Every structure is written in structure tokens, then in C-alpha cells.
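Descriptive analysis of the structure
Residue-level listing of the chains:
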Amino acid sequence: MAVYKPTTLQKGDQLPPEVQALVKKSARKKSTSSRQSPYSGLWSILLSLISVIYVIPIVLVFINSFKRKAYINKSPFSLPNAKTLVNPILSNYTSGMQKIGFTSAFVNSIIITVGSVFVIILCTSMCGWYITRVKSVFSTCMYYLCVFSMIVPFQMVMFTLAKTADTLHLGNPIGIIVVYLGFGAGLAVFMFCGFAKSIPIEIEEAAMIDGCNPVQTYFQVVMPILKPTCISVAILEAMWIWNDYLLPSLVLDKTKYKTVPIAIQYLKGGYGSVDMGAMMAMLVLAIIPIIIFYLVCQKYIIEGVVAGAVKG
Amino acid sequence: MNKKVLRIYFPLFALPTLIAFIIGFLVPFGMGIYLSFCKFTTVNDAQWVGFKNFQEVFKYDSEFIHALWYTALFAVVSVITINVFGFSIAMLLTKGIRGTNIFRTVFFMPNLIGGIVLGYIWQLILNGIISKVFDATLTYSATYGFWGMVILMNWQQIGYVMIIYIAGIQNVPSELLEAARIDGATDVQVLGKVILPMVMPSITICTFITLTNSFKLFDQNLALTNGAPSNKSQLLALNIYDTFYGRAGYEGIGQAKAVVFFIIVGALAVAQLFLTHRKEVQQ
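Residues numbered from 1 in each chain as written. Chains lettered and ligands numbered in written order. Predicted model: local features only at pLDDT ≥ 70, side-chain atom pairs only at ≥ 80, totals over all residues. Heavy atoms only, no water.

Moving on: the overall build of chain B. Assigned secondary structure in chain B consists of 14 helices and two strands. When the backbone C-alpha atoms are referred to their principal axes, chain B occupies close to 75 × 75 × 30 Å. Considering only residue pairs separated by 6 or more positions, chain B has 70% of its internal contacts joining residues 24 or more positions apart. Of the roughly 12,800 Å² of accessible surface on chain B, 65% is carried by carbon and sulfur atoms. (Helix = DSSP H or I, 4+ residues; strand = E, 2+ residues; numbered from the N terminus. Contact = heavy atoms within 4.5 Å. Areas by Shrake-Rupley, 256 points an atom, 1.4 Å probe, with all protein chains shown as cover.)

Laid out in C-alpha cells, this is it:
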């Protein structure tokens, strides 16, 4: 007969086999019941179906960009065959790029987006920090004006903004950066203020005591702490500016400068009947860089959207 | 002491943003308000006419009134569908199904594509479907245009609200869910009594974003139908744009419409934030 010995278990002690089996069993049971619902397979299939629906439009545009223009409207859902395929295979792309000057539009879009985002981040983060740290009538007014500007629709200022920009000769890819800084400042300043409030002031005071002037304090202490917010703001503003059609189409001198959305709209507006082949090819060219950018920076984009939404 | 030192640096830290903000927002906004009471063709020849522009908008402009109702209906339908679908997908994606990351990536993708490009993509597809099923085109009736825009907006925005809802659902403390299960709550009860109240802040944000986006929709409308047939599928933003740039001599009326538009969007935004904020649970 075994004598019962009260022991305390220690790390690495072997449990009796029957206890081990019990622990294993309960662990297995718990993991299956809490993780997988009984319909899990069904939901997977449903989600896969929805994903297919999500991808189809882009695939269709891609397929149609290789068809002759007469067949695109007639049978958009069929795969190209020997009769409907363009010859040479990329001729829709080459003719479309020539018609709307896609390359220069693409370069303009890059210059405007990168330039504006860089200037917005630099200026508004400094401004947001200044507003949070210096409490005055000016900073309070500026803060509430920024919040207010976020709910004003663009149509409200569309006409007068175009006139103001025209008077100040801002109708070129560099000048439009000022307009974007002004109209995009609302959201950016608001987000930077919200985050700058949570930085402990002691850190900045310590830097000052160590002999930093405000500029050094800002670039060596504050800016690194604000980095996650900078990424969020950069992504939100970049998504807006890259895709914006109305503001550049009113502000830019359209005979000289086009952006990608303006160029695509021009394909429709400039000619009586739309060349569907060239249109499809240009749509593909407009989408590809975005998808590549998205797949590379996916993590930051999704985090940026969540952070922007929670604060905005 | 810190603040006094910082104050001297005003020109460096705040002035660039302030100047751009004045050029890009304050001056155009102020001028816009003033010009809505004027008759003008360029900004320099403005003549004060009082409330005449506003009277004309509401008395004689039946297209504007039509666009107003059309936009309101469109906003209601798209806000409801986008949020219901977005929330449902977010619920599915927080269940730990295999491949969640891939699904999330795919659903969010259309959000990054611009309105003009989206409009032309869907014009191709919807025209293809409508010509097969109804033997017509997208520009045949404003109803086609309406549902076309609803589908387009759903395709674009479901991914966006889904991301925000996923973050909200993941923040619900698991103790609360376990406690509810132990007390014998069914799945429906857990959803209605625990999850929904806890994600109320996300619902506030998502309805706010989708509501203002649908009211301000312009690019997609321009590319998909451009108001056809005969301006019946015009949303407010496009109607204002056409008033400004489509016919000469109506700039004052266009500006008055823009002010009305601004007041509507502003009032809706404030009212919506106020109403849904009240329902949020204090933690």
C-alpha cells in the first residue's frame, strides 16, 4: 500500500503519468473550444468568396487593358482571344501614355506628394508642439481653428482658394505644396497636439538644463518621441494628396502640369469618345504603384489609419 | 522659463504653418462667406446683393433640391451598409480563422485607390452587368447611378471601417466576455450586451467618417456618371462644382450653395458626434 506523502511541486518535477494525461486532455479541450468555432470552415469559405469579389474588378481592368477597344464595352467579362487581343500586346499602354503624358504626370504626382508630406510633417509637428507648450490666446485660437477646418468641405473654399493661389502664383508643383500645407494643416496639427500633450515636460526641461536651445530640444528630443505620430500623419496625408483630383485641377496650371488623377480624367474629357483601351491601360498603371507601396508598407498604413481614427 | 524661451522662437516653429493656413484656409473661407452675399464673376467685381443668392438657390433651383435629397438618401444607405458589412467582417476576422491577415490585406486594398480611378473601374464593370441584365447603360437612369455609387463606396470603405472595428473589438477585455459566458449568455446576447457597447467609440468614429465622406463625395460621382442622365444622379458636391464652372454668371449662387453645403455637413457632423458620444460606455 502506497503511503501518501504531501509534497510541494517544484519546477522540473515529474508529475505522475495519470495527472499528466489529465492536464494534457484538459488543455487540448480548452484550446479547441475557445479558438475554433464549429462554423470555422464555413466562415473561411465565405471570406474567401468575398475576397475574390474584392479582387475581380482589378483583375478585370488588367485583362481588358490587353483587348482591342471595340471589344471592351461589348464583352468586358470574357478573356481576350486571338480576335480581341491588341497587336502589339502593349499598344494600349504606349498609346495611352502618349496621349495623356503619363510619365510627366507621374513625376508631378511624386514631387507634389513627397514634397507636401515632408513639409506638412516638419511644419505642423513643430507648430503642434509649440501650441501645446506655449499657452496663449494665439495658440488656443489656432488649435480650435484647426479643428474647425477639418469639418469644412472643400467645395466651400474651392473657388476662392483657386483665386488666391492664382494671385500668389502658386499654380506649379512647388507652389501647390503651400496650399496643401494650409489645407492639410488642420488634421496634422490636431494629431500632433494630441500626442505632444502626452510627452512628459520633464524630459524637455532636462534637455534645456543640459544646454539645449529650443531648436536642439525639438530635433533631438521631441521629434524622435513624435516619430510614430509622424508616420501616421504622413500616411494619411499621402493617401489624400496622391489621390486628390479637385484641388490640383483647380490650382495647377493644367496646360503645363498634370497629376495622375487629372491625366486620367483628361482622357475622358479631352476626346469625344473615350478610348477604352488606353483608359484600361492607364488605370492599371495608376493602380500598380499603389498596390506595391501598400504591400511594402502595409503594417504602417494599417497602424496609421487606426491611430488617425482614434485621435481624429 | 521654458515657455518664455520658446516664445522667441515663434517665427521658426509656428509661423510657416500659420502663413500657409491663412493662405490655404482662412482667407478663402472668409472670402467665401462674404462672396455668398455678392454677385460676381471674378473676385474683384463683387457687388453686395444680400440674401438674394440664397433665395434663388431654394426657390428656383430644383436641381439643387433634387441633389440635396439624392445625397441624403445616398448617405443614409451607404452609411448603414458600409458599417454593417464592415462590422460583420471585423467580427469574422477576430475569430482566429486561418488566413486572417491575407483577408485583411485584401479588404483594405481598395481604400488606397483614388476616387477617379475607382469610378472608371466600376464604370466598366457596372456597364457590363447592366447591359447584360437590363439591356441599358449606367447613364440610362439615376437609380442605376445611385446603386452604382453605393456599391462603389462599399467596395472602397468597408476595408477602412473594418480596420477600425477590428482594433475596437480586440480592445474588449476578455474577462468581460468570459464573465458573460459563465453567466450563460448566448452569442447574440454577448454581441448585443457586451461587444456592441464596448466598441461604441469605434462606431462613433466610423459613422462619422462614412457620413462625412458620403456627403462630400465628388471624384467617384464625376468619374462614374458625371450626373447623367440630365443631372439626375448628381450629388451635392458635383452640383456646386457645375454651378461654378459649368455656366457663367452663377458664381454667386454657387458660393451660396457652398455655404449651405458647409452648414449641412457641419451640423450633421456635430449632431452625429453628440448623439453617438452619449451612448459610449465610460470605463
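Another point: the overall build of chain A. Helices and strands together make up the secondary structure of chain A, namely 15 helices and zero strands. Per-residue burial for chain A yields a buried fraction of 48% across its 312 residues. For chain A, the proportion of contacts with a sequence separation of at least 24, taken over those separated by at least 6, is 72%. When the accessible surface of chain A is split by element, carbon and sulfur atoms take 67% of a total near 16,000 Å². (Buried < 20%, exposed > 50% of the residue type's maximum accessible area, 1.4 Å probe, protein only.)

Let us now look at the interface of chain B and chain A. Facing the 89 residues of chain B at the interface are 95 residues of chain A. Roughly 8,200 Å² is buried in total at the junction of chain B and chain A, and carbon and sulfur atoms are behind 79% of that figure. Among the residues of chain B in contact with chain A, B:Phe13, B:Leu112 and B:Leu124 are the three that bury the most area, contributing 9% of the side total. Linking chain B to chain A there are zero salt bridges. Inspection of the chain B/chain A interface yields ten residue pairs in polar contact (both at pLDDT 80 or more). The biggest single contributor to the side of chain B that touches chain A is helix α3 (residues 15-35) of chain B, with 16 residues. (Buried area = accessible area lost by both parts, 1.4 Å probe. Salt bridge = Lys/Arg side-chain N within 4 Å of Asp/Glu carboxyl O. Polar contact = N/O pair within 3.5 Å; in protein donor to acceptor, adjacent residues only side chain to side chain.)

All names here are of chain B. The end-to-end C-alpha separation of helix α8 (residues 142-170) is 41 Å, in line with the 42 Å expected for 29 residues at 1.5 Å each. At glutamine 157, α8 shows its strongest bend, of approximately 40°. You can read the cap of α8 off the contacts: a side-chain oxygen lies 3.0 Å from the backbone nitrogen of threonine 143, and it is on serine 141. (Expected span 1.5 Å × (residues − 1). Bend = angle between axes of the 7 residues up to and from the residue.)

For the rest of this paragraph, the subject is unusual backbone geometry. Positive phi values are uncommon outside glycine, yet A:His169 reaches one of about 55°. Take A:His169: it is sitting in the loop between α7 (154-167) and α8 (175-196). On the basis of relative accessible area, A:His169 is assigned to the exposed category, the value being 66%. In the Ramachandran plot, B:Asn231 falls in the positive-phi region, its phi being about 60° despite a non-glycine side chain. With respect to the helices and strands, B:Asn231 occurs in the loop between α12 (219-224) and α13 (236-245).

This part covers the nonpolar core. By size, the foremost hydrophobic cluster in this structure holds 191 residues, and its most contacted members are A:Phe154, A:Ile264, A:Leu283, B:Phe107 and B:Phe108. At 17 residues, the largest contribution of residues to this core is made by α8(B). Every residue in contact with A:Leu283, bar those within four places of it in the chain, is listed here: A:Val61, A:Ile264, B:Val117, B:Tyr120 and B:Ile121. (Core = buried A, V, L, I, M, F, W, Y, C linked by side-chain atoms within 4.5 Å.)

Take the confidence of the model for chain A next. Averaged over every residue, the pLDDT of chain A is 84; residues scoring 70 or more account for 85%. A low-confidence stretch, residues 25-34 of chain A (pLDDT under 50), is modelled with one contact involving residues beyond four sequence positions or located in other chains. (pLDDT = per-residue confidence, 0-100.)

All right, on to a nonpolar patch on the surface then. A cluster of nonpolar side chains, namely A:Phe77, B:Ile129, B:Val133 and B:Phe134, defines an oily patch on the protein surface of about 390 Å² accessible area. Mapping A:Phe77 onto the fold places it in the loop between α3 (69-74) and α4 (91-100). (Patch = residues over 30% accessible without salt bridge, like charges linked within 9 Å, V, L, I, M, F, W, Y side chains within 5 Å.)

Here the focus is the packing of helix α9 (residues 201-209) of chain A against helix α10 (residues 214-225) of chain A. All names here are of chain A. In the contact formed by α9 and α10, the axes pass within 10 Å of each other and the chain directions differ by 145°. Judged by the twist between their axes, the crossing of α9 over α10 is right-handed. Contact residues: α9 offers Ile203, Glu204, Ala207 and Met208, while α10 offers Pro214, Thr217, Val221, Val222 and Ile225. Per-class residue counts for the contact of α9 with α10 are seven nonpolar, one polar and one charged. (Axes fitted to C-alpha atoms, helices over the stretch in contact; angles between N-to-C directions. Left-handed = near helix turned anticlockwise from the far one by under 90°. Nonpolar A, V, L, I, M, F, W, Y, C, P; charged D, E, K, R; others polar.)

Before going further, it helps to spend a moment on the packing of aromatic side chains. Summed over the entire model, instances satisfying the criterion amount to 46 aromatic pairs over all chains. Arranged with centres 5.6 Å apart and planes meeting at 75°, the rings of B:Tyr70 and B:Phe146 form a pair that is edge-to-face. A residue pair is termed long-range when its members are at least 10 positions apart, and B:Tyr70 in helix α5 (residues 62-93) and B:Phe146 in helix α8 qualify at 76 residues. Taken as a pair, B:Tyr70 and B:Phe146 share a single burial class, namely buried. Put simply, the rings of A:Phe148, A:Phe154, A:Tyr180, A:Phe183, A:Trp240, B:Phe21, B:Phe25, B:Phe29 and B:Phe262 touch in pairs and so form one group of aromatic residues. The ring of A:Tyr300 has A:Lys299 sitting right over it, with the charged end atom 4.9 Å from the ring centre. (Phe/Tyr/Trp six-rings, centres within 6.5 Å; stacked < 30°, edge-to-face > 60°. Lys NZ or Arg CZ within 6 Å of the ring centre and 35° of its normal.)

All names here are of chain A. Following the criterion strictly, the structure yields six salt bridges over all chains and no others. A salt bridge links aspartate 275 to lysine 99; its shortest N-O distance comes to 2.8 Å. Placement of the pair is aspartate 275 in the loop between α13 (260-269) and α14 (276-296) and lysine 99 in helix α4, with a sequence separation of 176 residues. Among the residues examined, aspartate 275 registers a relative accessible area of 12% and is labelled buried. Within the structure, one salt-bridge network assembled from shared partners comprises Lys69, Lys99 and Asp275.

Considering the arrangement of structural elements, one finds A:Ser139 in helix α6 (residues 137-151). Look past the residues within four positions of A:Ser139 in its chain and what remains in contact with it is A:Ile131 and A:Val134.

All names here are of chain A. Here threonine 132 shows up in helix α5 (residues 102-133). Along the backbone, threonine 132 and phenylalanine 192 are 60 residues apart, and their C-alpha atoms lie at a distance of 9.0 Å. Among residues more than four places away in sequence, those in contact with threonine 132 are Cys193, Ala196 and Lys197.

Turning next to helix α2 (residues 40-64) of chain A. All names here are of chain A. Relative to the 36 Å expected for 25 residues at 1.5 Å per residue, α2 spans 36 Å between its end C-alpha atoms, a close match to the ideal helical length. The axis of α2 is deflected most strongly, by about 35°, at isoleucine 56, and proline proline 57 appears within four residues downstream. If you check which residues of α2 are buried, you get Ser40, Ser44, Leu47, Ser51, Tyr54, Pro57, Ile58, Leu60, Val61, Ile63 and Asn64.

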